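Inside the fold
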Amino acid sequence: MSRANDEPKKPIPPRIARGGWLDALRFIVGALIILYHFREASPVPLPQLHPVFDRGYLLTDFFIIDSGYVLARIYGDRLAARQAPLVTYARQRLLRVIPAHLAVSLILVCIVGGAALAGLTPSNPQWFDWPQLPAQVMLIQAYGVPGGQGWNAPSWTLSALIGCYLLLPWICRALWRWNPVMVVVGATLLVIAADVAASFWLGDPIYRLPLRYGILRALPLFVLGVAAAYYGSRVYVVPRLAGIVGMSAGLALVLLQTFGDFSLLSLGLMTIIIWAAGAVPVLKPSRLIEHLALMSFSMFLTNEVTRIVWFGLLDALGQETLVSGVRWVLWGVGFIGAFVVAALFRYGFDRPVQVWLNPVSARRDPARRQAPLPKAA
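Here is a short report on the structure shown in this document. From a predicted model like this one, the values you see are computed outputs, not experimental measurements.

Cut-off values and rules
- Residues numbered from 1 in each chain as written.
- Predicted model: local features only at pLDDT ≥ 70, side-chain atom pairs only at ≥ 80, totals over all residues.
- Heavy atoms only, no water.
- Core = buried A, V, L, I, M, F, W, Y, C linked by side-chain atoms within 4.5 Å.
- Buried < 20%, exposed > 50% of the residue type's maximum accessible area, 1.4 Å probe, protein only.
- Helix = DSSP H or I, 4+ residues; strand = E, 2+ residues; numbered from the N terminus.
- Contact = heavy atoms within 4.5 Å.
- Expected span 1.5 Å × (residues − 1).
- Bend = angle between axes of the 7 residues up to and from the residue.
- Patch = residues over 30% accessible without salt bridge, like charges linked within 9 Å, V, L, I, M, F, W, Y side chains within 5 Å.
- Areas by Shrake-Rupley, 256 points an atom, 1.4 Å probe, with all protein chains shown as cover.
- Salt bridge = Lys/Arg side-chain N within 4 Å of Asp/Glu carboxyl O.
- Phe/Tyr/Trp six-rings, centres within 6.5 Å; stacked < 30°, edge-to-face > 60°.
- Lys NZ or Arg CZ within 6 Å of the ring centre and 35° of its normal.

1. Description of the nonpolar core
- Of all hydrophobic cores here, the largest spans 79 residues; its most connected members are Leu168, Trp176, Phe222 and Val226.
- For this core, the element with the highest residue contribution is helix α3 (residues 57–80), accounting for 14 residues.
- Among all residues touching phenylalanine 222, those that are not within four sequence positions of it are Ile64, Ser67, Gly68, Leu71, Leu161, Cys164, Tyr165, Leu168 and Ile171.
- Core analysis: the next-biggest nonpolar cluster, separate from the first, contains 16 residues, Phe311, Leu314, Phe335 and Ala342 among them.

2. Observations concerning the side chain of threonine 271
- Checked against the element boundaries, threonine 271 lands in helix α10 (residues 263–279).
- With relative accessibility at 10%, the residue threonine 271 sits in the buried group.
- Threonine 271 has contacts with Ile65, Leu224 and Ala228, leaving out every residue within four places of it along the chain.

3. Examining helix α12 (residues 324–357)
- Taking 1.5 Å as the rise per residue, α12 with 34 residues should run 50 Å; its terminal C-alpha atoms sit 47 Å apart, in good agreement.
- In α12, a bend of some 40° at arginine 346 exceeds every other bend along the element.

4. A look at a nonpolar patch on the surface
- Residues Val181, Val185, Leu189, Ile192, Val196 and Leu264 make up a contiguous nonpolar surface patch of roughly 490 Å² in combined accessible area.
- Top element by residues in the nonpolar patch is helix α7 (residues 180–201). It accounts for 5 residues.
- Summarising the element assignment, valine 196 is placed in helix α7.
- You can call valine 196 exposed: its relative accessible area is 53%.

5. Section: the packing of aromatic side chains
- Counting across every chain of the model gives 17 aromatic pairs.
- Both rings, one in tyrosine 75 and one in tyrosine 89, keep their centres 5.2 Å apart while their planes meet at 75°; by these two values the pair is edge-to-face. Taken together, the positions of tyrosine 75 in helix α3 and tyrosine 89 in helix α4 (residues 86–117) put the pair 14 residues apart, joining distant regions of the chain. Here tyrosine 75 and tyrosine 89 have matching classes, each one buried.
- Residues tryptophan 331 and phenylalanine 335 carry aromatic rings whose centres are separated by 5.6 Å and whose planes lie at 5° to one another, so their mutual orientation is stacked. Taken together, the positions of tryptophan 331 and phenylalanine 335, both in helix α12 and 4 residues apart, correspond to about one turn of that helix. The pair formed by tryptophan 331 and phenylalanine 335 is uniform in burial state, with each residue classed as buried.
- An aromatic cluster of at least three residues, connected via ring pairs, comprises Phe27, Phe38, Phe311, Trp328, Trp331, Phe335 and Phe339.
- It is arginine 93 that lies over the ring of tyrosine 165; its NZ or CZ is 5.6 Å from the centre.
- When the ring centre of tryptophan 170 is taken as origin, the NZ or CZ atom of arginine 173, which lies over that ring, is 5.5 Å away.

Here it is, written out as structure tokens:
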């Protein structure tokens, strides 16, 4: 037997898979985003209880970083090696977002338009300015285009992420030629530089830029997620150690948010948490966690519509006259209802449409494929 065959093989990082910590994080953060959007509708606005409830922008930033991480883990090597057809990749990304977005936009337009025809005025009519709608429907509001305010406001994230998705092939080709540690350091410095530039020229930090600058906010964070994915696919870390690092970062994040925003540092801790979740192999996938994570996109897309309809109805019925206890119960019903609506949208519309739009080969989850990983660094 040759000497080369006697040498022990280097361990390689595990593939990301459904039903594990990454999926659990996606659902938990999605639930917290719903809580953030419902915060002002409670009998006592939640930010009065603790200012952390006003920091939902960090949850959106988590999703942006996580999107970069997951897509780079799935597609990064093939995109960097020019082995994935760009047209097919772009088609999959656009079809994943646009049909569901258009359906939710149409539902909201029908609700607001129907109420107007019935002579009913929304509780906050400034949120439903018709000239603002076209930019939002076309998902161009994150590129400095006038409009896109109000309505289903969180859709600015989808607008910005589409740009990130389409740039991913070139991001991977640029980063995959460098040492993983250098890539992570470079992506971190990019976020810091972007934050300084945004604060100086635009008057807001990178992590809290308004929606018209959405692509400028999203792209550095997306690249940070891609860098974490590249590092995670090349550098093996013992799963137990990765778990300890991830849990420590989670605890540090909670402690920081207890005493202040520490937003830039929090972005770094969230990236570490995402990396650690992907570094721990999924030994016993949970179908429940997988389905909850798959529902998170619908949660993100529909919760604002649920909030508008539910609390608009309660305002029309005069909920201000009710005692505090009853109002808290009604608020809780609306909060839980957001999950119910998301599930109905996911399994009643989004999933069937995705099955119809994509052939069987495209529907197969790339994260489940057993193609070998590149050799560890």
